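Commentary on secondary and tertiary structure
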Number of protein chains: 2
Amino acid sequence: MCSLLQRAMEDLIKVFYCYSGKEGDKYKLNKKELKNMLQEELADFLNGSNDSSMVEKIMQDLDENKDGEVDFQEFVILVAALTVACNEFFVDCIKKDEAHKKSGEGHK
Amino acid sequence: MCSLLQRAMEDLIKVFYCYSGKEGDKYKLNKKELKNMLQEELADFLNGSNDSSMVEKIMQDLDENKDGEVDFQEFVILVAALTVACNEFFVDCIKKDEAHKKSGEGHK
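About the criteria used
- Residues numbered from 1 in each chain as written.
- Chains lettered and ligands numbered in written order.
- Predicted model: local features only at pLDDT ≥ 70, side-chain atom pairs only at ≥ 80, totals over all residues.
- Heavy atoms only, no water.
- Helix = DSSP H or I, 4+ residues; strand = E, 2+ residues; numbered from the N terminus.
- Buried < 20%, exposed > 50% of the residue type's maximum accessible area, 1.4 Å probe, protein only.
- Contact = heavy atoms within 4.5 Å.
- Least-squares fit on C-alpha atoms with pLDDT ≥ 70 in both.
- Salt bridge = Lys/Arg side-chain N within 4 Å of Asp/Glu carboxyl O.
- Expected span 1.5 Å × (residues − 1).
- Phe/Tyr/Trp six-rings, centres within 6.5 Å; stacked < 30°, edge-to-face > 60°.
- Lys NZ or Arg CZ within 6 Å of the ring centre and 35° of its normal.

In the annotation of an unreviewed UniProt entry, the entry for chain A reads Protein S100, and the organism field reads Kryptolebias marmoratus.

Have a look at this one:
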C-alpha cells in the first residue's frame, strides 16, 4: 500500500512528465510547457499573473543552469518553495485565530 | 477543482502535521515523531534501515538550525531530495530500456 507521502512524491513526478513530454526534450519543460503547467496546475496561485512576463520571470529564476529549460530538479525547487509559502500562510492564519480565541477567553 | 500538483502540495502539508501534532511543538517534528513518519510513510525507501542510528543521522542532516527538531521547511527539503533521487532512478531505467530496445532493433 502506498502512503500519502509516497503518493505526493509520485504525483510530482507524474505532473512534470505530463507537461515535459509534449515537445522537444521529454525530460525538460521548455517555455511553452512551463507556461501550460503553471496555467493548468497552479492557476489559483498565479491568478491574474499568467501573462508572458510572469512565465519569463519564473523561467529565469528556476533555470539555474541557464539552458532555457526547466529540469525535474528545478521544478521540484519551485514546488518546494510554493509549498513552504502556503504552509507559512496557513500557520499564520491558525496562530492569529488561536490568539483571537485566547483574547476572547480573557474577556469573558 | 484541485489540480494534481495542488493535491500533492496539500498532501505534503497534511503528512507533516499528522505526525508533528502528536506531542510537544505541534509545528515541528521531534525525534520520535520523525521516526514514526519515516517508518510509516517511507518504509519502502528506508527498508532495513529504520533503526535509531538512521533516524539520528537523518535528524542531524535535516535539522539545519540545530534545535533538535525538524520544521516544515526542513521536512520539504527531505521530500524534495528523495523525489529527485526517485526521478533519477526512473529516468535511468527508462533510458537503459530505450538503449536496449534501440540496440535490439540494430541487430534485427
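The discussion continues.
Digging into the side chain of A:Gln6
One can find A:Gln6 in helix H1 (residues 4-20). Given a relative accessible area of 13%, A:Gln6 falls into the buried group. In this structure, A:Gln6 is in contact with B:Glu41, B:Leu42, B:Ala43, B:Asp44 and B:Phe45, ignoring residues within four places of it in sequence.

A closer look at the environment of B:Ser20
Residues and elements named next belong to chain B. Examined against the element boundaries, Ser-20 turns out to sit in helix H1 (residues 4-20). Separated by 67 residues in sequence, Ser-20 and Asn-87 have C-alpha atoms that sit 27 Å apart. Leaving out residues up to four positions away in the same chain, Ser-20 has contacts with Asp-25, Lys-26, Tyr-27, Lys-28, Leu-29 and Glu-33.

Brief notes about the relation of the copies chain A and chain B
Rotating chain A by 180 degrees about the axis while translating it 0.0 Å along that axis superimposes it on chain B, leaving an RMSD of 0.0 Å. Such values leave the two copies arranged in the relation of a two-fold axis. Ranked by how close their C-alpha atoms come to the rotation axis, the residues of chain A are headed by A:Ala8, at 2.2 Å. Interface overlap between copies is the fraction of interface residues in one copy that are interface residues in the other; for chain A against chain B it reaches 100%, indicating a shared surface.

Thoughts on the pattern of salt bridges
All names here are of chain A. Taken as a whole, this structure holds 16 salt bridges over all chains when the rule is applied. Note that Lys-31 and Glu-56 form a salt bridge whose closest N and O atoms lie 3.1 Å from each other. Of the two residues, Lys-31 is situated in helix H2 (residues 31-41) and Glu-56 in helix H3 (residues 52-62); the sequence distance between them amounts to 25 residues. Taking relative accessible area as the criterion, Lys-31 reaches 38% and is therefore assigned partly exposed. Look at Glu-56 and you get partly exposed, because its relative accessible area is 31%.

Points about H1(A)
Taking 1.5 Å per residue as the helical rise, H1(A) with its 17 residues ought to reach 24 Å, and the 24 Å between its terminal C-alpha atoms agrees with that figure. For H1(A), the complete set of buried residues consists of A:Leu5, A:Gln6, A:Ala8, A:Met9, A:Asp11, A:Leu12, A:Ile13, A:Val15, A:Phe16, A:Tyr19 and A:Ser20.

Comments concerning the packing of aromatic side chains
Taken as a whole and assessed by the stated rule, the structure comprises 14 aromatic pairs over all chains. Consider the rings of B:Tyr17 and B:Phe72, whose centres lie 6.4 Å apart with planes at 10 degrees: the pair is stacked. Of the two residues, B:Tyr17 sits in helix H1 while B:Phe72 sits in helix H4 (residues 72-106), which places them 55 residues apart along the sequence. Its relative accessible area of 25% is what places B:Tyr17 among the partly exposed residues. For B:Phe72, a relative accessible area of 3% corresponds to the buried category. With a centroid separation of 5.8 Å and 70 degrees between ring planes, the pair formed by B:Phe89 and B:Phe90 is classed as edge-to-face. The exposure class of B:Phe89 is exposed, given its relative accessible area of 52%. Each residue in the set A:Phe16, A:Tyr17, A:Tyr27, A:Phe72 and A:Phe75 is aromatic and connected to the rest through ring pairs, giving one cluster. Above the face of the B:Tyr27 ring, A:Lys95 is positioned so that its terminal group lies 4.6 Å from the ring centre.

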